[in-house]
Number of protein chains: 2
Amino acid sequence: MLGLMMQQPLLISSLLVHAERHHGEQEIVSRRVEGDLHRQTFRELASRSRRMAQALKTLGVADSERVGTLAWNGHRHMELYYAVSGMGAVLHTLNPRLHPEQLAWIANHAEDKVLCFDMTFHPLVEAVAAHLPQVRHFIAMTDRAHMPATSKIANLLCYEELMEGAADGFEWPQFDENHASSLCYTSGTTGNPKGALYSHRSTVLHTYAAALPDSLNLSARDVVLPVVPMFHVNAWGLPYAACMVGAKLVFPGPHLDGKSLHDLFEGEKVTLSAGVPTVWQGLLGYVHANQLRFSTMNRTVIGGSACPPAMMKAFQDGYGVHVLHAWGMTELSPLGTACVFKAGQDELPAAQRDAIQAKQGRAIFGIDMKIVGDDGQELPWDGKASGELMVRGPWVITEYLKGEGGSPLRDGWFPTGDVAMIDPQGFMQITDRSKDVIKSGGEWIGSIDLENIAMAHPAVAMAACIAAHHPKWDERPLLVVMKKPGAEVTREELIAFYEGKIAKWWTPDDVVFVDAIPLGATGKMQKNKLRDQFKDYRLPTA
Amino acid sequence: MLGLMMQQPLLISSLLVHAERHHGEQEIVSRRVEGDLHRQTFRELASRSRRMAQALKTLGVADSERVGTLAWNGHRHMELYYAVSGMGAVLHTLNPRLHPEQLAWIANHAEDKVLCFDMTFHPLVEAVAAHLPQVRHFIAMTDRAHMPATSKIANLLCYEELMEGAADGFEWPQFDENHASSLCYTSGTTGNPKGALYSHRSTVLHTYAAALPDSLNLSARDVVLPVVPMFHVNAWGLPYAACMVGAKLVFPGPHLDGKSLHDLFEGEKVTLSAGVPTVWQGLLGYVHANQLRFSTMNRTVIGGSACPPAMMKAFQDGYGVHVLHAWGMTELSPLGTACVFKAGQDELPAAQRDAIQAKQGRAIFGIDMKIVGDDGQELPWDGKASGELMVRGPWVITEYLKGEGGSPLRDGWFPTGDVAMIDPQGFMQITDRSKDVIKSGGEWIGSIDLENIAMAHPAVAMAACIAAHHPKWDERPLLVVMKKPGAEVTREELIAFYEGKIAKWWTPDDVVFVDAIPLGATGKMQKNKLRDQFKDYRLPTA
C-alpha cells in the first residue's frame, strides 16, 4: 500500500522558487571580472534565471543537452546554475585551470552544445574553440560594453544581450527528479577525466543534508562567501543551500588573494566561508601581516584536503573563527562528513577538542560509510584500524558518464580511494589517499600526519611527504618542503621536530627543500608529480 | 537523460540504522507507566526494534497491515514506531483521549490487525475489544510482572515476552519509498474522522526539513522532550528527527503535570521541548508558584494552536526560554512553518520582535503556501490581506484513507481551513480557523487576536471568542472566559481592557464567565461546543 502524499519531484528549480517567494529581498553580491561590486536580489536572480532559460531555449538548447561554463564565482554563473538545470538541460562546469587540451577533451566528451565563459577566459576559449566542433554557441558572460573588439570566435554571443532579448515568462518544467542536472569531471592522476552526473534528486537531498545544524548549519541569518569555485563540485553545494535557507551570498570573482577576500569578508559582513587549505594560507598571511581581524566571520569550512592543525589553531585561537573540518569528493556531490561536536565534547580540554577537530568528522544523514581491509572485510570503528573508506547514499555516483573507467562500485559501495580510521563515536579521519600511503616494511605510514607536523613548524610554508624507494623497507617517507619567504630551517632541525610527536619509525628519512610544490586544478598538492620528480632519489638511509 | 546517482529509497529504517551506527551510545530516557525512569541507548533501541519486527512478523503481520498503538510517549512506543514502519507494515497511532466509540470506529476503519497498548489503557481496551473484530492480537506494552491478573481480553500478549522470544537477526526490507509508513486520524468537528496516510518518503523529507537551523534546529547536542504525544501526528516528527541527528530523547509517559515535567527537564538536562499552549499553562503555573527556573532548556516549540503572546513573554522574559512558534496540521506530517528570525530581526526593538514572534512563521523548505480569497484568487503578501491558507509539498496529503471526505485538493493545493495573513517577509500568521472567524457586517473579525488580548489579563486562565448572532451585523464577538482560581474580573473591566489594543469595532459585545472551556483530544479549545452552548445567546447590543 502506498502512502497518500503529494508527489512533488525534488527539483533544483524549486529551490529558486522558494528563494524568490520567501527571501526575495536577500542579496547576492559579486565582485565581477569587469571590476565592479555588483548587487542583485534573489528576486532578480529568479527573474534573470528564467530569462536566461528562455534565451537558451530560443538558442535551441534541448532537454538533457549539456551547457558548459568557464567562469568564476559570480551572479551570472549562479543564474546559469538555475537556468540550465531548471530548464532540464545539464550544467557542465569546466575547470579553467586545466590544460587547454584536457579542457577540450572534457568538453568534447561531455558533448557540450553551448559554452558560456567569463571574459578572463576569452583567450583560453579562443585557443580551444577550433577543437570544439560540437559547440554551437559561445556566450561571453558580460555586457555589450565589455565585449572584445575582436575575437577569433565566430558569432560570439553576449550574455546580457541574450538576457535583454528574453521575456520573463518562462515556466520551470516539471520532470522526473532523477533527471540529470549537472556534470562535473574529476581529473584523476591516471586515465581520462571522468564525469560525475548529478540528478535533481541527489542535489536537493544533498542540499537538505548540507544545511543541517550538524553539517554546515546554514540559516537565513548567514552571509556565505564560497571561495571554493563554482567549477569545483558546485562550490560544495552552497549555491543551492543559500536558496534553500535564504542566506546572503557573496561571490569573490577572480580575486582570491588575502586582501581581496578580507575586504569582502568585512565589507559584506560574511559569517561563513568555505575553501581548501591552500587558499587560506594567503588569507591568514595577509591578515597576520596587517594585524587585521575578522569582525563577523564566525566559521569557515575547510575541505578538499585535510586541514593542517596549525591552520586550525591560527583561525580559532588567533581570530576566533571556528573551523568546520569537512570531507567529500566529486563523486559525493561532494559532502560526506562534517566535524561537529557531539554533546559534551565542547567542554573537553583543548587538546582533546583539537584531536577531534583534526578528524574529518561524522557522516551527514544520507551517507553511510565503512572502512575495509585489503581483503574487503569491514574493519572496526576503534580509532585504530585503518582501511579504505567506502560510502553509499542517494548523492553518491553509481558510475561515470559514458561508463568511463568501468564500474566503480564494490557490492553497492563506492570506494573513495581514501584511507581512513573511524573512532567509536563515528568520527572519521583520513590518514591518506590510498595512492599516497607509504608502505614501509609491510606497514602503512600515513603521509598526512607527517605533513601536518611539518606545517606546524614556523619556517614551513607547505610540506608534502612522499614514498621514496628503500632497498630494505621498500618505501620510506621523504619530506618535501617549501619554506616561507625569508625563513630558514635545516634538514636536521625538521627531523628533530618530529621527536615525541609520532612513532619513531614514522619519522621521515630525509628532507628536501624545493622552491614550489605543484598544485592541481583544485588547489591540492600534486604528490604524483613529486613522486615522479624524486623517483630516483637515493635516501641517506638506503 | 537521468543522473548517474545511487538509487537509495528514503526509508524510516535508515534513520534507525544511522542512529545505531553514529549515535549508538545516545540515550532514550522514559518515565514509564510502571513508575520507573527507564534508560536505553539508541543501540538498544535498534536491537529491540529489530526483535519486535521479528516478533510481529512471527505473529503474522503482513506487508501494509495496520498495527494500532494506544500509548504514551515512551521507549516501547518508539520501538514500535521503527519496528512497524521499518518492516513494511503501517503504524497507526490511536488517540486514547477519544470517546471509546470513536476509537473503535477508527480502529475498524483502519482495519487494525494488532493493537498494542500501555497498561493505563487496559480498561479502555477491555471495553472496546469486543467491537474490534479485525484485531487478531492484543499486546500489553509491559513485562510479565506487570501484566494484569485477569483481563477480559482473550489471549492477551505480553510485549516483553514477545521481545524475549525474538532473535535479533531481522533485516530491514528495502522497498518503494512511497510505501505507506504510518497513519494518523484527524477528528474534524463535522463528519467522520479521516486518516492521513504518510509514506516513508514524506516522513524522511519532513525529518530533514524539521531539523534545519531555521526549523527546529536539532543537533546531536540537543536533549529533546516531546510533551506533544506520539499519538498526535507522530509527536511532530521528533521521534524521527532525534534519530537523524542523534539527539537524546526524554519521554514523559503519562505524567504531564507541571512538577513531573519540570523534574524531567532539570534531571535530564533537556534543551528543547515541544507541545500545545494548554500544556504549558500548567508548567508555567507550577514553576511560578514554586519560584523555580529552567537550567538547561533554551527553547520550546509551541504549536497546535496559536501561542498567546502572554505565554511567550512568560517563557522568554521570565525564564530565558526562547519560544519557537510553529504551525502545522495532521495533513502536513505536521510541520508547515516555523517562526525563526531573518537577518537583522534579532536586533529589532522588543515590540517589533514580539510582533514577529506572534506569527506562525516562514514556510520550511518543501512547503509552498499561498492565501486565497473567497473567489479562489491569490491574495498579496502584504501583512494585511487575509484569506484561506493553501499549502502543497511532498509531505502534504493528497486524499484521506479510503477517500473519506472526498477529494480535498483544489488545483493541486490543500486547503488548510485556516485563515491567515502573510507579510512581505513571508511570515504567515493564522488569524483564525475559517469556521471560527466572526463575520460582522460582511467584514471578518479574527477570534485569535481577541483571545490573546483577554489571555494577557492577569485574571484570565483561558478565553475563547465566538460568533454570537446579531440582528443587524449577522455576527458579533462574544468572549467566553474561564477565570484563574481565586481571581476576579468584571465584564466591564475586560471590555475596557481592549481599549487601544485593537480596532474599536472588533471589541467583543459581551463577556460570559464559565467554569471550564471544553478541550478536544489534542488539547485545543472546542469552540464548536461553545457555539452550540451559546447559539441562542442574546447580546446586550442586539
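Residues numbered from 1 in each chain as written. Chains lettered and ligands numbered in written order. Predicted model: local features only at pLDDT ≥ 70, side-chain atom pairs only at ≥ 80, totals over all residues. Heavy atoms only, no water.

Asker: Tell me what's going on with the interface of chain B and chain A, and back it up with residues and numbers.
Answerer: Interface size is commonly expressed as the accessible surface area that is lost when the partners come together. Contact with chain B, which involves 77 residues of that partner, is made by 77 residues of chain A. Area buried by chain B at its contact with chain A is led by Met 1, Met 6 and Phe 365 of chain B, which between them contribute 16% of it. On inspection of chain B and its partner chain A, the count reaches eight salt bridges. With its nearest N and O atoms 3.0 Å apart, the salt bridge here joins Asp 214 of chain B to Arg 221 of chain A. Where chain B meets chain A, there are 34 residue pairs in polar contact (both at pLDDT 80 or more). Among the elements that line the side of chain B that touches chain A, the one with the most residues is helix α7 (residues 200–211) of chain B, at seven residues. Residue composition of the side of chain B that touches chain A, grouped by class: 41 nonpolar, 21 polar and 15 charged. (Contact = heavy atoms within 4.5 Å. Buried area = accessible area lost by both parts, 1.4 Å probe. Salt bridge = Lys/Arg side-chain N within 4 Å of Asp/Glu carboxyl O. Polar contact = N/O pair within 3.5 Å; in protein donor to acceptor, adjacent residues only side chain to side chain. Helix = DSSP H or I, 4+ residues; strand = E, 2+ residues; numbered from the N terminus. Nonpolar A, V, L, I, M, F, W, Y, C, P; charged D, E, K, R; others polar.)

Asker: An account of the environment of Cys 339 of chain A is needed here, citing residue identities and associated values.
Answerer: Residue and element names in this part refer to chain A. Along the polypeptide, Cys 339 turns up in the loop between β15 (335–338) and α12 (350–357). Judged by its relative accessible area of 3%, Cys 339 falls in the buried class. Taking the C-alpha atoms as reference points, Cys 339 and Leu 37, 302 residues apart in sequence, are found 34 Å from one another. Those residues within four positions of Cys 339 in sequence are excluded, and the remaining contacts are Leu 324, His 325, Ile 356, Gln 357, Lys 359, Gln 360, Gly 361 and Phe 427. (Buried < 20%, exposed > 50% of the residue type's maximum accessible area, 1.4 Å probe, protein only.)

Asker: An account of helix α11 (residues 309–319) of chain A is needed here, citing residue identities and associated values.
Answerer: All names here are of chain A. Inspection of α11 places Met 311, Met 312, Phe 315, Gln 316 and Tyr 319 among the buried residues, and these make up the whole buried set. One face of α11 carries all of its buried residues, which in axial projection span an arc of 125°. Every exposed residue of α11 that faces more than 90 degrees away from the buried side is listed here: Asp 317 and Gly 318. The inward-facing, buried residues of α11 abut α10 (277–289), β13 (299–302), β14 (322–328) and α12. Directly beyond the C-terminal end of α11, a positive phi value near 70° is found at Gly 320. (Arc of directions from axis to C-beta.)

Asker: Give a description of unusual backbone geometry that names residues and reports values.
Answerer: Residue and element names in this part refer to chain A. Going from Ser 333 to Pro 334, the amide bond is cis rather than trans, its omega being 5°. Of note, Pro 334 is situated in the loop between β14 and β15. Phi is positive for Ser 64, close to 70°, though the residue is something other than glycine. Given a relative accessible area of 8%, Ser 64 falls into the buried group.

Asker: Mind laying out the sheet that holds strand β18 (residues 387–392) of chain A, listing which residues take part and the relevant values?
Answerer: Residue and element names in this part refer to chain A. Strand order across the open sheet formed by four strands is β17-β18-β19-β20, with antiparallel pairing between neighbours. For this open sheet the edge positions go to β17 (368–372) and β20 (428–433), each flanked by a neighbour on one side alone. Between one strand and the next, the sheet's axes are offset by a mean angle of 50°, whatever the strand orientation. The pairing of β18 with strand β19 (residues 414–422) spans four bridges and is antiparallel. Paired with Val 391 across the strands is Phe 414, a residue of β19. (Pairing = 2+ DSSP bridges. Axes fitted to C-alpha atoms, helices over the stretch in contact; angles between N-to-C directions.)

Asker: Would you mind going over the nonpolar core in detail, with residue names and values included?
Answerer: Counting 196 residues, the largest nonpolar core has Tyr 208 of chain A together with Tyr 208 of chain B as the members making the most contacts within it. Leave out the neighbours within four places in its chain, and Tyr 208 of chain B touches Leu 205, Tyr 208, Ala 209, Leu 212, Phe 365, Gly 366 and Trp 395 of chain A together with Met 244 of chain B. (Core = buried A, V, L, I, M, F, W, Y, C linked by side-chain atoms within 4.5 Å.)

Asker: I'd love a proper account of the pattern of salt bridges, names of residues and values included.
Answerer: Residue and element names in this part refer to chain A. Enumeration according to the criterion identifies 71 salt bridges over all chains in this entry. In this structure, Arg 144 and Glu 161 form a salt bridge, with 2.6 Å as the shortest nitrogen-oxygen distance. Of the two residues, Arg 144 is situated in the loop between β6 (137–140) and β7 (157–158) and Glu 161 in helix α6 (residues 159–164); the sequence distance between them amounts to 17 residues. Here Arg 144 falls in the partly exposed class, since its relative accessible area comes to 47%. Using a relative accessible area of 38% as the deciding quantity, one classes Glu 161 as partly exposed. Across the pair Asp 368 and Arg 392 runs a salt bridge whose closest N-O atoms are separated by 3.1 Å.

Asker: Please set out the environment of Ile 371 of chain A residue by residue, giving values where relevant.
Answerer: All names here are of chain A. Following the sequence through the fold, Ile 371 ends up in strand β17. You can call Ile 371 buried: its relative accessible area is 0%. Note: C-alpha distance between Ile 371 and Glu 388 (17 residues apart in sequence) is 5.2 Å. The contact partners of Ile 371, leaving out residues within four places of it in the chain, are Gln 377, Glu 378, Leu 379, Pro 380, Ala 385, Gly 387, Glu 388, Leu 389, Ala 420, Met 421 and Ile 422.

Asker: Provide a residue-level description of the domain arrangement of chain A, including the pertinent values.
Answerer: All names here are of chain A. You can read the domains of chain A as domain 1 (12–325) and domain 2 (437–533). Computed over C-alpha atoms, the centres of domain 1 and domain 2 are 34 Å apart. The interface of domain 1 with domain 2 comprises 15 residues on the first partner and twelve residues on the second. With both chains or domains summed, domain 1 and domain 2 bury close to 1,100 Å², and 61% of this area falls on carbon and sulfur atoms. Counting residues per element, the ones that place at least two in the side of domain 1 that touches domain 2 are α10 and α11. Here the residues of the side of domain 1 that touches domain 2 are counted per class, giving seven nonpolar, seven polar and one charged. (Domains from an automatic or database assignment.)

Asker: I'd like a rundown of the packing of aromatic side chains, residues and numbers included.
Answerer: Taken as a whole, this structure holds 23 aromatic pairs over all chains when the rule is applied. Ring geometry for Tyr 208 of chain A and Tyr 208 of chain B: centres 5.6 Å apart, planes at 10°, overall stacked. Placement of Tyr 208 of chain A in helix α7 (residues 200–211) and of Tyr 208 of chain B in helix α7 is noted, with the two residues assigned to different chains. By relative accessible area, Tyr 208 of chain A is classed as buried at 1%. Arranged with centres 5.9 Å apart and planes meeting at 80°, the rings of Phe 534 of chain B and Tyr 537 of chain B form a pair that is edge-to-face. Exposure remark for Phe 534 of chain B: the relative accessible area of 12% places this residue in the buried category. Above the face of the Tyr 400 of chain A ring, Lys 194 of chain A is positioned so that its terminal group lies 5.3 Å from the ring centre. The ring of Phe 513 of chain B is capped by Lys 483 of chain B, whose NZ or CZ atom sits 4.4 Å from the centre of that ring. (Phe/Tyr/Trp six-rings, centres within 6.5 Å; stacked < 30°, edge-to-face > 60°. Lys NZ or Arg CZ within 6 Å of the ring centre and 35° of its normal.)

Asker: Run through α7 of chain A, naming residues and quoting values.
Answerer: The end-to-end C-alpha distance of α7 of chain A is 17 Å, a good match for the 16 Å that twelve residues give at a rise of 1.5 Å each. Among all positions of α7 of chain A, only His 200, Arg 201, Ser 202, Thr 203, Val 204, Leu 205, His 206, Thr 207, Tyr 208, Ala 209, Ala 210 and Ala 211 of chain A are buried. (Expected span 1.5 Å × (residues − 1).)

Asker: Requested: an account of the relation of the copies chain B and chain A, with residues and values cited.
Answerer: Once chain B has been moved 0.0 Å along the axis and rotated by 180°, it coincides with chain A to within an RMSD of 0.1 Å. Here the symmetry operator amounts to a two-fold rotation axis. Using C-alpha coordinates, one finds that chain B approaches the rotation axis most closely at Leu 212 of chain B, a distance of 2.5 Å. The residues that chain B uses at the interface reappear at the interface of chain A in 100% of cases, marking a shared surface. (Least-squares fit on C-alpha atoms with pLDDT ≥ 70 in both.)

Asker: How would you explain the sheet that holds strand β16 (residues 362–363) of chain A if you had to name every residue and give the values?
Answerer: All names here are of chain A. The strand order β2-β1-β11-β10-β12-β13-β14-β15-β16 describes an open sheet built from nine strands, whose pairing is mixed. In this open sheet, the two strands that pair with only one neighbour each are β2 (37–41) and β16. Relative to strand β11 (residues 248–251), strand β1 (residues 27–31) runs parallel, the two being bridged by three bridges. Across the sheet, residue Ile 28 finds its bridge partner in β11, namely Leu 249. Most of the contacts of helix α2 (residues 42–58) go to β2, to which it runs at about 85°, and overall it touches β1 and β2.

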